[in-house]
Each structure stands twice: as structure tokens, then as C-alpha cells.
Amino acid sequence: MLGYFIRRLLAAIPVMLVVALSVFLLLRLSPGDPATIIAGEMADAEQVNNIRTALGLNEPLHTQFFIWIGNLLQGDFGTSLISQTSVMSMISQRLEPTISLALAAITLTVIVAVPLGVIAAWKQGKWIDNLVMSTSVVGFSVPVFVIGYILIQVFAIELKWLPVQGYRSIDEGIGEFISRLILPAMTLSSVYIALIARMTRASMLEVLGEDYIRTARAKGLGQRIVLFRHALRNAAVPILTVVGAGFALMVSGVVVTETVFNIPGLGRLIVDAVLSRDYPVIQALILLTAGLYVVINLLIDLSYAITDPRIRY
Amino acid sequence: MLKPKFNRRSTGLGMLAAAGMASALSFAANVQADTTVRAVMHAALRGLDPVASSATITKNHGYMIYDTLLGLDEDYAPQPQMADWEVSEDGMTYTFSLRDGLTWHDGTPVTAADCIASLKRWGTFDAGGKLLMANTESLTAVDDTTFELKLAKPFGEVISLISKPSSVPAFMMPEAVASVPNGEPLPNQIGSGPFKFVADEFQPGVKVVYEKYDEYVPRTEAPEATSGSKEVYVDRVEWINMPDVQTTINAINSGDIDYIERTPYDLMPLLEANPEVHTAVNDPLGWMSVARMNFLHAPLNDARIRRAALLAVSQEDVMAAMIGDPRFYELCASVFGCNHPRSSEVDGESLTSGGDLEEAKKLLEEAGYDGTPVVILQPTDVATLAPQPIVVAQALRKAGFEVELRPMDWQTVVSQRASKDLPSEGGWNMFITNYSVDALWSPVVNPLLISSGETGSYFGWPDIPEMEKLRAEYAATTDADTRAQQVIDVQKLAMQEVNTIPLGQFKLVNSWRDDVSDIVQGPLTAFWGMKKED
């Protein structure tokens, strides 16, 4: 397995290089100029050009690329063109809210969606199956921001149980930290609960028809053991894939949820950086996201071997 | 009967818990003792150099941590702030004397040398500052707290330029900071203003934190606009960026924040229904919306066609679409904005009376308009800039223009407007933007009137020698009556040449919770003077 792990990591290097080159070129070829944004509304062309020169944006493209790659190889992601702060410090400020929200949402998703999917498969065609399936259609269909606003209206404005917006670091108190994560986690998980509940149900239905399930029941095993130990474990591979991909999506940016609940995460950072053409920040974030996808996919592949002993690397 | 049992371990744990609780309570008390105003400003602060950047949010940041030599009172008249001034009898030498007790945030005293370096730096960025420096023979320190500005030729705008609040105010910085070469970031955020910047808590695009500067010595006069006392009554100010307006409204209604700098007009009813929230206009002058013409390319390189475009526009239609609520806008045909002493609406009657389509059509015919489309850049992501291009385009079409609206985000507009290419090759004919009236209010400060062609003019690059002559005459004149006539002459020429089409004047609505009070009226949100109940 170690050899497989190292091979996969080495294979990621050309992927990252292609991503780096593509994002660099795409940004430079797209319209927009950070110097005009820095200079402000009243700046004249001469001031804008002075800023371009100071930022190195008047250098030839290949020079800019090699300077960036050279710094990257030394672990330097550069400095934001707009705020003049280190890109790494900007990303690290935003990492905690994003990871916290993603972990809370994915945990809620798994806790709710997997049992719902198992129960729906077990009670196929019964009212509870129909209820789970129709509710999941609602989860898919209603936009995330609508769910967010409804939750805010009910739980924050009407009942006043939870805050309407904002994020507090865990350092500022566990109570504040959790209370401000509940509504965004519920909002963000709604679509994933729907997706994973359906996915679990489908996988379980496939497995429940297998001979070894019939054998397990014939041996007199209880329904819970049959469902969760024998069936779910064998149905887990596609579910794990979706959970992993969902987590990667959440970490790489959930702009709408972050915006509605005013959470200063990576999603908003990347949107702000794109709008202000802050090249070093965009480049670092896209590379980070690409790296994250590579690692999460690798971890998912490795987890298959844990849930299904037939899989060997 | 149950008796409590004690042992060494539980007693120790109990003491630890008590100590922890006491410490937590003490921490909580400290936190509560600080009065913090949480405000949502109109934009996120990212750039920190209020002289190099003319972004409004960066200017607001500048007023928090820096101070200015002079300020404006509520009648927009210059007043002493950091310094008092005297003018020699011949009007050629201005002597500035710093008041006592001024210190930078690192404790060192503010000196004349700091102010000279700051004025020189400002004079390389701001259009008004450049003009002042072009007319200045020397800036010399007389002693540690006094310096002289000697003019090279008569110039009537020294005091008004140094006291102006837009677009780039003359902020005073320590000499070491003001000596940074242009294009390089400032080495620190040390000013002498009423607030200190808390660098450790700055999150670009998310939050900015300011703390009261305890050693700040305020003036004794009452606070007015950017002058008078800047005494601070709160311990901390936090600017929190909220990208969603509905979230902002929910936050002030629930008490999460105390102040909104620009309240969205369409969500005003949600605040007006809450007795705990006040809404009001704190800046009586407000902003102008203007359509900027590109003088380089057809069809708007012909003054008659530009005038036809102006005649086609009805300000009422634009303002109704943009603001909606008539309490917050007024029609104003002056290129200087209205409601201040330098305003004139001469020759702009059509703008405020619904437009004059017949005259516009006639002019287009006279000019031999050949149907070349007018390319209008249309920002779609800013609520106060999105509606105008649509209304103006429709008005132009009614007059007989062919119009192409080019939708894009505002930052792309900001980049594209610098392009001198043909409109068919990525250039443009017209874009629309908004300016605070104090950035437009005289022939000298108004950047849209600069008409020196491709060198020195604002985007659009008008080349009108007569306008440059009038502006220069105004700058050199000190007689009030002559200046009043010069303002009218500039307005007349601007209506004839149409550097821009004034689209109407509008007010920004501020909102705050009822435990906040004593908000200073003026051209920016001032956090000095503001009080908040504990």
C-alpha cells in the first residue's frame, strides 16, 4: 500500500504543474487589471502604469511565471497585490472557518443521511421510504440560499435560539463556536443529506438482494447486524466516494453559504480575489484546491481497502 | 442527613475550577468594559495607503488613523485641524503652525518636517495636490512646528485643496512613511489620528479593527464634518465586511452590528419597522451619478452628438430606476453637484425636465450621425451602478442612437475604461460611475473637467483648451464675484462640450441601533464623537 501511496503522490506532480501553468495563463489572458483596482477611481493612466511597474506586471509573461514558480518551490506563495499581506497568512486566516464548517456539515450529513438511506432501503416501498425519497427531492431542488434564509428566519429571528450570522473561532469559546456553526452546517448539509441518503439507499438495495445477506438472515442474525455490519459495509464504496468528494467541495469553497451566514472562509476569499484580480491569491488557492482534491481522492481510494478487504493495492 | 465530603483531590480541582471561573469572569468583565462599535462599511478594506489609492473605503481608513492639517466645517468652509494658518499680505506665502500635543501613534511628536514630506507625497498622487505643487515654489520648515508654503505664482486654492475631503485628502504621515517611493507599500500604519490601526487583527476583506488612541489631543471646538474635536468615546471600532445585504439587515436588527454605512434602499422598510434602529442621511451633499464620454472615438468624438446624448437623458428616469425612493435623490444639472456655494445648473434644463428628444433628434441629424453604435460598459454587480446604463441606453435609442450595452463586472469596467482601443476592438464610448459631490464641487478639484487630452485627463480624455484656460483662471483668482462667474462659464462650456452627463444627485442612508448616538454629520462616517451606551 505504501508503494501505491508514493506512486499516487508522484503522479500528482505533473497534475499540479499543469494546473499551475493553466491558472497562470488564464488569469493573465482574462480581462481586468489589479493596478487599476489598487489605484482607485480617480487615478490617471500614468499612476496605473506606475503601479503595474511596481507590481512587476509589466514584465514579460514568462518572466512573471518563472518568478512565481521559483518562489513557490521555496514555499513562498507571494504577497497579495491588493492588501500587500502574505498570501499564506490570508489563506491560513480563512482555513479554520472553512474546515470547521466542512467538518460540521459532513458529520451532520453522514449522521443523518446514512441511517435514512439504510432505513429507506430496508423499508422499500413503505411510507418511510417514500418520505425519505420525497424529502431528498426537496433537498436537491431548493437552492441553498433559500434554505439558509428560512433557517435564519425561523431559528435566529423568530425563535432567537441561534445567532443570525458570523463566525467565532474556537478560541473565543466553544459555545459561541458551535452556536454559530449550527445553521450554516444545516444549510450546507441539506443537499448532501439528500444526495447521500439516495446513494445509500440505492447501494443498499443492490446489496440486500445478495446471497450472503440471505445467508446471514438464515443464520438468525438480527436485522440491525444484517443491515449495518453485513449490508452497509459492502455498500460503502460508492457512499465513501460521494462523502469524500462532498468534503473536498466544501473545503474548496461554499460561497453561497459563507455569504449568507457571513463566514470568512476560502470560498469568499477566492471570489474576492477573482473580483479584484489578485493574481497571487487566486493562483495559490487554485493550487491548494487541486492539491486537496488529489489528497482526498487518494485517501478515499485507500479507505476502500479498509471497508472492503477484497480490495488490495 | 448528607454531609459534603471533601478530599484533597476534589478540593484542588474545586480551587482550580474557581480560579478558572474567576479568571474567565475577569476576562469577560474586561471584554464587556470595552465599548466596541461594529460597523458594516460600504466596501471591504484591502488597500491601506489612503494617499496612493483614491478608493473611498481607503480614504475612510485614512481618516481613522491619520489627521489632516485643515478640515471642513458643516458649511464646507476650511477650519484649522492639526494646524492654524496665516497668509502674507501679497497672498504668496502661507505659514502653518502645528498645535501643541500632536504625537504619532508610536509616541514621537509630529513635526513640520513630517508635514512637508506628507504634502509632497500627496502632491505626487492627487490631481489637486499636483496642481498645488505645480504652483508652489518652496515648502520650508521654519522650526519644529511651523512651516511655510511659498507660491511661485498667484493661486487661490491653497487652503481649499489642503482641506478637501475628496478624492485624496492631504493626510499627514511620519516623514519616514511619507518618504517611501511611489509604488511601494507603506512600512507601517502609524498616524496621528484619533484611532490606532490594530495590525494583528486585520483580515483583508473580512475585518478591520481600530482602537482609541489614548494620547490623541482633540481640538476644543465641537465636531463638524472633518473639523473640530475628534475626541473618541468608544474603545474599539470594528469594520466588518458583509457581502450579503440581507445578512447585514438581519445583523443590525438582531444587534450583532451597530451601524450600516450604506443601507440598501429596497430593504429600508425592514429597518424602518424596527423601533430599535434609526435610519438617516448623515452626508447632506451625497453623491452624483455621471455618464462619462470617450472623446477619442466615433460617434461621441463629435460635440454635437455628445450634446444630443445629453438632451436625450431624463434624470428623473435614471434616479427613479436607481434609487426609487424620492426622499433620497434630487435632480441636479450642475457638473459640480448641487446644494453648495459653487453650484450652477445653467444650460442643463433638459436634464431636469424629462429630456428633450426632439432637439436631440435634430442635433443628430445636423451632425450626420451614421448609426455607429454607442458602446456602453454595463456593470452588473453593483446595485448603485447597474440600473443607469439600461435607462441611458433606452433614452439614447429613443433619440435615434444605436446602442450596444456590454455587460461585465465593475472591476472589468475599471480596467476596460483605461483602454483607448476602438469600441469595436475592446474599447468603449460611455461608462457610468458615481462621485461624492465633494470630489466634484469646483473647477479645480473636479477630475471630470480636466480637459488636457490624452495626458493628464481622466478616462475619456477630453481635449478642450478653452476648458483648461477657464480652470487655470479660476485657480489663479481670489475674488469671490469673479469666481462665481467663472463657475458659470465652466458649467456652460461643460454643457456644450459634454465631458459628462450629470444623471442626478443621491443621498446615502446610514442606519444605527438606538444605543449609538452623537453621530457627526459630514462627507464620511466619523467614528470620533460617536457614543455608545455600555
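Rules and cut-offs
- Every chain begins its residue count from 1, and numbering advances along the sequence as written.
- Lettering for chains starts from A, numbering for ligands starts from 1, and both go in the order in which the items are written.
- Whole-chain, interface and lining totals are the exception, using all residues; otherwise, since this is a predicted model, local features are given only for residues with pLDDT of at least 70 and side-chain atom pairs are given and counted only at 80 or more.
- The basis for every side-chain value is the complete set of non-hydrogen atoms in the structure, without hydrogens or water.
- UniProt positions are given in the numbering used here, feature names are shortened, and annotations may be inferred rather than shown by experiment.
- Here, two residues are considered to be in contact whenever any of their heavy atoms come within 4.5 Å of each other.
- Here the quantity called buried area is the total loss of accessible area, with a 1.4 Å probe, experienced by two parts when brought into contact, counted for both.
- The salt bridge definition used is simple: a Lys or Arg side-chain nitrogen within 4 Å of an Asp or Glu carboxyl oxygen.
- By the criterion applied in these results, polar contacts are pairs of N or O atoms within 3.5 Å in which, for protein atoms, one can donate a hydrogen and the other can accept it, and in which residues neighboring in sequence qualify only through two side-chain atoms.
- Note on residue categories: nonpolar means Ala, Val, Leu, Ile, Met, Phe, Trp, Tyr, Cys or Pro, charged means Asp, Glu, Lys or Arg, and polar means any other residue, Gly included.
- Whether two strands pair depends on DSSP finding at least two bridges between them.
- Helix and strand assignments follow DSSP, with helices taken as H or I runs no shorter than four residues and strands as E runs no shorter than two, numbered in order from the N terminus.
- Every axis in this analysis is a line fitted to C-alpha atoms, fitted for helices over the stretch in contact. Angles between the N-to-C directions lie between 0 and 180 degrees.
- Burial here depends on accessible area, computed with a 1.4 Å probe over protein chains only, as a share of the maximum for the residue type. Under 20% is buried, over 50% is exposed, and the range in between is partly exposed.
- A patch consists of residues whose relative accessible area exceeds 30% and which take part in no salt bridge; residues with like charges are grouped when within 9 Å of each other, and nonpolar side chains (Val, Leu, Ile, Met, Phe, Trp, Tyr) when within 5 Å.
- In this description, accessible areas are obtained by the Shrake-Rupley approach with a 1.4 Å probe, and a residue is regarded as covered only by the protein chains that are shown.
- The charged-residue count follows a simple rule in which Lys and Arg add positive charge and Asp and Glu add negative charge, with His and chain termini not counted at all.
- Here the site of a charge means atom NZ of a Lys, CZ of an Arg, CG of an Asp or CD of a Glu.
- What we call a nonpolar core is a set of buried Ala, Val, Leu, Ile, Met, Phe, Trp, Tyr and Cys residues that are connected through their side-chain atoms within 4.5 Å.
- Where each domain begins and ends follows an automated or database-derived domain assignment.
- Note on ring pairs: Phe, Tyr and Trp rings are taken, using the six-membered ring of Trp, and paired if centres are within 6.5 Å. Classes follow the plane angle, with under 30 degrees stacked, over 60 edge-to-face and the rest tilted.
- Note on criteria: charge over ring means Lys NZ or Arg CZ within 6 Å of the ring centre, with the direction from the centre no more than 35 degrees off the ring normal.

The name given to chain B in an unreviewed UniProt entry is Peptide/nickel transport system substrate-binding protein, and the organism recorded there is Marinobacterium mangrovicola.

In the nomenclature of an unreviewed UniProt entry, chain A is known as Peptide/nickel transport system permease protein of Marinobacterium mangrovicola. Per UniProt, chain A has the following entry under Sequence similarities (unreviewed entry): "Belongs to the binding-protein-dependent transport system permease family." Recorded in UniProt for chain A, the comment headed Subcellular location (unreviewed entry) runs: "Cell membrane".

Explain the interface of chain A and chain B to me, and be specific about the residues and the numbers.
With 36 residues of chain A at the interface, the matching set in chain B holds 45 residues. When chain A packs against chain B, close to 3300 Å² is buried across both sides, 54% of that on carbon and sulfur atoms. For the pair chain A and chain B, the interface holds three salt bridges. Counting the contacts that link chain A with chain B gives nine residue pairs in polar contact (both at pLDDT 80 or more). Class assignment for the residues of the side of chain A that touches chain B results in 16 nonpolar, twelve polar and eight charged.

Lay out the sheet that holds strand β5 (residues 83-87) of chain B with the relevant residues and their values.
Residue and element names in this part refer to chain B. Spatially, β5-β6-β8-β7 is the arrangement adopted by the four strands of the open sheet, whose pairing is antiparallel. Each edge of the sheet is formed by a strand with only one pairing partner; in this case those strands are β5 and β7 (136-143). Averaged over all neighbouring strand pairs, the angle between strand axes comes to 20°, with direction disregarded. As paired strands, β5 and strand β6 (residues 93-98) are joined by five bridges and run antiparallel to one another. Residue V87 lies in a different strand from β6, and its bridge partner there is Y94. Contacting β6, β7 and β8 (146-151), helix α3 (residues 112-125) runs over the sheet at an angle of about 160° to β7.

Any chance you could break down the UniProt feature "domain: Solute-binding protein family" (unreviewed entry) in chain B for me, citing the residues and the numbers?
Following the UniProt record, one finds the feature "domain: Solute-binding protein family" (unreviewed entry) at residues 79-444 of chain B. Annotated as 27% helix and 21% strand, the span residues 79-444 of chain B places its first and last C-alpha atoms 19 Å apart.

Lay out helix α9 (residues 303-312) of chain B with the relevant residues and their values.
Residue and element names in this part refer to chain B. Of all ten residues in α9, seven are buried, a share of seventy percent or more. What α9 keeps buried is the set I305, R306, A308, A309, L310, L311 and A312. Next to the buried residues of α9 lie β15 (287-293), α11 (349-352), α12 (357-366), α13 (387-399), α16 (480-497) and β20 (500-506). In this structure D302 caps α9, since a side-chain oxygen of it lies 2.8 Å from the backbone nitrogen of R304.

Residues and numbers for the UniProt feature "domain: ABC transmembrane type-1" (unreviewed entry) in chain A, please.
Following the UniProt record, the feature "domain: ABC transmembrane type-1" (unreviewed entry) maps to residues 95-300 of chain A here. Secondary structure across residues 95-300 of chain A divides into 82% helix and 0% strand, with the first and last C-alpha atoms of the span separated by 21 Å.

Which residues make up a negative patch on the surface, and what values do they have?
Residues and elements named next belong to chain B. Together, D34, D214, E215, D235, D514, E533 and D534 make up a region of like negative charge exposed at the surface. Positionally, D214 belongs in the loop between β11 (207-212) and β12 (236-240). Of the residues examined, D214 reaches a relative accessible area of 58% and is grouped as exposed.

Could you give me a rundown of the nonpolar core, with the residues and numbers involved?
Taken as a class, soluble globular proteins show a tendency for nonpolar side chains to be buried jointly. One finds L69(B), Y210(B), W239(B), L396(B), F401(B), I501(B) and F527(B) to be the most contacted residues of the largest nonpolar core, which totals 147 residues. Sort the elements by how many residues they give to this core and α3(B) lands first, with seven residues. Leaving out residues up to four positions away in the same chain, L396(B) has contacts with A309(B), A312(B), V374(B), I376(B), F401(B), V403(B) and M430(B). L181(A), A235(A), V251(A) and I263(A) belong to the second-largest nonpolar core, a separate cluster that totals 46 residues.

Please set out the UniProt feature "transmembrane region" (unreviewed entry) in chain A residue by residue, giving values where relevant.
All names here are of chain A. Taking the UniProt record as the reference, the feature "transmembrane region" (unreviewed entry) is found at residues 9-27, 98-119, 131-157, 177-197, 237-261 and 281-306. Segment residues 9-27 splits into 100% helix and 0% strand. End C-alpha atoms: 27 Å apart. Annotated as residues 237-261, this span is 84% helix and 0% strand, and its ends, taken at the C-alpha atoms, are 33 Å apart.

Please provide a residue-by-residue account of the domain arrangement of chain A, values included.
Residues and elements named next belong to chain A. What the domain assignment reports for chain A is domain 1 (2-73) and domain 2 (87-307). The gap between the C-alpha centroids of domain 1 and domain 2 is 32 Å. With 20 residues of domain 1 at the contact, the number on the domain 2 side is 15 residues. Both sides together, the interface formed by domain 1 and domain 2 hides about 1600 Å², and carbon and sulfur atoms give 77% of it. The largest share of the area that domain 1 buries against domain 2 comes from R8, M16 and L27, three residues that together contribute 30% of it. Taken together, the links from domain 1 to domain 2 amount to one salt bridge. For D301, the salt bridge is made with R8, and the minimal N-O distance between the two is 2.5 Å. For the interface between domain 1 and domain 2, the tally reads two residue pairs in polar contact (both at pLDDT 80 or more).

Describe the side chain of S163(B), with residues and values.
Residues and elements named next belong to chain B. Following the sequence through the fold, S163 ends up in helix α5 (residues 158-163). Within the structure, the side chain of S163 is placed 2.8 Å from the backbone oxygen of I159, a separation counted as a polar contact. Non-local contacts of S163, meaning those with residues more than four positions away in its chain, are made with L70, G71, L72 and P78.

Break down helix α7 (residues 245-254) of chain B for me, citing the residues and quoting the values.
Within the sequence span of α7(B), burial applies to T247(B), T248(B), I249(B), N250(B), A251(B) and I252(B). Immediately beyond the C-terminal end of α7(B), within one or two residues, lies G255(B), with a positive phi of roughly 90°.

Give me the lowdown on the sheet that holds strand β19 (residues 430-436) of chain B, citing residues and values where you can.
Residues and elements named next belong to chain B. Taken in spatial order, the six strands make up an open sheet running β16-β20-β15-β19-β17-β18, and their pairing is mixed. Single-partner strands in this sheet number two, and they are β16 (329-330) and β18 (403-408). Examined bridge by bridge, β16 and β20 share two bridges and lie antiparallel to one another. When the sheet's bridge partners are listed, Y329 is paired in β20 with F506.

Residues and numbers for a nonpolar patch on the surface, please.
Taken together, L2(A), I6(A), L10(A), I13(A) and L17(A) make up a surface patch of nonpolar side chains, about 510 Å² in accessible area. Looking at where I13(A) falls in the secondary structure, it is placed in helix α1 (residues 2-29).

Summarise the pattern of salt bridges; cite the residues concerned and give the values.
Here the structure, examined in full by the defined rule, presents 31 salt bridges over all chains. For R236(B), the salt bridge goes to E201(B), with nearest N and O atoms at 3.0 Å. Within this pair, whereas R236(B) is found in strand β12, its partner E201(B) is found in the loop between β10 (195-197) and β11, the two being separated by 35 residues in sequence. E276(B) serves as the salt-bridge partner of R513(B), at 2.7 Å between the closest nitrogen and oxygen. Placement of R513(B) in strand β21 (residues 510-513) and of E276(B) in the loop between α8 (268-272) and β14 (277-280) is noted, with a sequence separation of 237 residues between them. With relative accessibility at 36%, the residue E276(B) sits in the partly exposed group. In the salt-bridge network here, residues are joined through shared partners; they are R168(A), E172(A), E176(A), R180(A) and D256(B).

Explain the packing of aromatic side chains to me, and be specific about the residues and the numbers.
Residue and element names in this part refer to chain B. Following the criterion strictly, the structure yields 26 aromatic pairs over all chains and no others. Between Y76 and W441, the aromatic rings sit 5.5 Å apart at their centres with planes inclined by 65°, giving edge-to-face as the arrangement. Placement of Y76 in the loop between β3 (70-72) and β4 (78-80) and of W441 in the loop between β19 and α15 (465-476) is noted, with a sequence separation of 365 residues between them. We classify Y76 as partly exposed; its relative accessible area is 22%. Assessed through its relative accessible area of 5%, W441 is described here as buried. A network of ring pairs unites the aromatic residues F197, F202, Y210, W239, Y259, W512 and F527 as a single cluster. We note R483 situated over the ring of Y474; from NZ or CZ to the ring centre the distance is 4.1 Å.

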